[in-house]
Amino acid sequence: MVTKRRVGILISGRGSNMACLVEAARAPDYPAEIVLVLANKPEAGGLATAAAAGIATVAIDHRPFGQDRAAHEAAVDAALRAHDVEIVCLAGYMRLLTPYLVSRWAGRMLNIHPSLLPEFKGLHTHARAIAAGETEHGCTVHLVTEDLDSGPVLMQARVDVRPDDTEATLSARVLAAEHRLYPEALRKLASQPLPTADLTS
Ligand code: GAR
């Protein structure tokens, strides 16, 4: 039996990448299990998907915290620790993280981003790739560091940009690639020795 790392997934919306990770983790030989899905928006559609799959869910709405990002992140961190999470996967979690949460999960937090990083950090990546005349686009899974979309790349998947692509057609093709890539990337990280968590910050 493979040792399964305990994984928490952070979402803000529909959670299609989260659902793919949940599905992949069902395999007995997959080295991770999804023990918590956490959203910063109670209305995130992915929460119901996760609950229907039998995964523990929690919503920690960022809005009552106002400008106090650190307090919201402390609540998120506490929920992750309460579920003995070892690896965090950001999957469409649309919050900028502060050094507090990033440092506490250094080497143990993954993000998926819809571009071939370091190209097109930030939002609206598909429209920007088309506008730039790119012939190739794709997605990246990387370790999260303090700078947005800048941590060490774990894996990437490429897709061609077709002459008749729109933002909608390109984003659909990239999303399909994301759904294949993220389970592979989590498998890779979960199979490696993990750094010791530094909880001093
Ligand atoms: C995905 O395309 C993901 O790469 C992107 O949000 C979407 C979430 O979809 N993430 C970012 O843009 C982060 N900067 P999902 O909720 O269906 O997984």
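Residues numbered from 1 in each chain as written. Predicted model: local features only at pLDDT ≥ 70, side-chain atom pairs only at ≥ 80, totals over all residues. Heavy atoms only, no water.

Visitor: Is there a simple way to explain the sheet that holds strand β7 (residues 153–160) in this structure?
Guide: Sheets are built from strands paired through backbone hydrogen bonds, the pairs being either parallel or antiparallel. Taking strand neighbours across the sheet as the criterion, the seven strands line up as β3-β2-β1-β4-β5-β6-β7 in an open arrangement whose pairing is mixed. Every other strand in the sheet has two partners, leaving β3 (57–59) and β7 as the edge strands with one partner each. Each strand of the sheet is rotated relative to its neighbour by a mean of 20°, with strand direction disregarded. Bridge count between strand β2 (residues 32–39) and β3: three bridges; the pairing is parallel. Along β3, the bridge assignment pairs Val 37 with Thr 57. Sheet strands touched by helix α3 (residues 69–82): β1 (5–11), β2, β3 and β4 (87–90). Its angle to β2, the strand with the most contacts, is close to 150°. Packed on one face of the sheet, helix α6 (residues 167–190) meets β1, β2, β4, β5 (109–113), β6 (136–143) and β7 and runs near 155° to β7. (Pairing = 2+ DSSP bridges. Helix = DSSP H or I, 4+ residues; strand = E, 2+ residues; numbered from the N terminus. Axes fitted to C-alpha atoms, helices over the stretch in contact; angles between N-to-C directions. Contact = heavy atoms within 4.5 Å.)

Visitor: Got a minute to help me understand the nonpolar core in this structure?
Guide: What tends to happen in soluble globular proteins is that the nonpolar side chains get buried as a cluster. Ile 9, Ile 34, Val 37, Cys 89, Leu 110 and Leu 186 are the most contacted members of the largest nonpolar core, which totals 38 residues. With nine residues, the top contributor of residues to this core is α6. Not counting residues within four places of it along the chain, the set of residues in contact with Ile 34 comprises Val 7, Ile 9, Leu 21, Val 22, Ala 25, Ile 55 and Leu 186. Judged by nonpolar contacts, the second largest core, of 18 residues, contains Val 35, Ile 60, Val 76 and Val 85. (Core = buried A, V, L, I, M, F, W, Y, C linked by side-chain atoms within 4.5 Å. Buried < 20%, exposed > 50% of the residue type's maximum accessible area, 1.4 Å probe, protein only.)

Visitor: How should unusual backbone geometry be read in this particular structure?
Guide: Leave glycine aside and you will find that most residues have negative phi; peptide bonds, for their part, are mostly trans. Cis geometry marks the peptide bond from Leu 117 to Pro 118, where omega comes out at 15°. If you trace the backbone, Pro 118 turns up in the loop between β5 and α5 (125–131). For Asp 84, which is not glycine, the phi dihedral falls at a positive 55°. Relative to the helices and strands, Asp 84 is located in the loop between α3 and β4. The residue Asp 149 is not glycine, and still its phi comes out positive at about 55°. The exposure class of Asp 149 is buried, given its relative accessible area of 9%.

Visitor: Help me out: how do you make sense of the site of the ligand in this one?
Guide: Neighbouring the ligand are Arg 14, Gly 15, Ser 16, Asn 17, Gly 92, Met 94, Ile 112, His 113, Pro 114, Leu 175 and Glu 178. Here Ser 16 contributes a side-chain N or O atom positioned 2.5 Å from an oxygen atom of the ligand. Relative to its unbound accessible area of 450 Å², the ligand is 86% covered by the protein chains. Applying the majority rule of atoms within 2 Å of the grid points places the ligand in the largest pocket. Taken together, the elements giving at least two residues each to the shell around the ligand come down to α1 (16–25), β5 and α6. (Near = heavy atom within 4 Å. Polar contact = N/O pair within 3.5 Å; in protein donor to acceptor, adjacent residues only side chain to side chain. Areas by Shrake-Rupley, 256 points an atom, 1.4 Å probe, with all protein chains shown as cover. 1 Å grid on protein atoms, 1.4 Å probe; cavity = no way out; pocket = protein on both sides within 12 Å on 5 of 7 lines; lining within 4 Å. Sits in = over half its atoms within 2 Å of the grid points.)

Visitor: Would you take a moment to explain empty space enclosed by the protein for this structure?
Guide: Gaps left between atoms are located by rolling a probe of water-molecule size over the structure's atoms. Going through the model one piece at a time under the given rule, you end up with one cavity of 30 Å³ or more. The wall of the largest cavity is formed by Arg 69, His 72, Glu 73, Tyr 93, Arg 95, Leu 96 and Leu 97. Across the lining of the largest cavity, the residue classes tally to three nonpolar, one polar and three charged. (Points joined across faces, edges and corners; volume = space filled by probe spheres on them. Nonpolar A, V, L, I, M, F, W, Y, C, P; charged D, E, K, R; others polar.)

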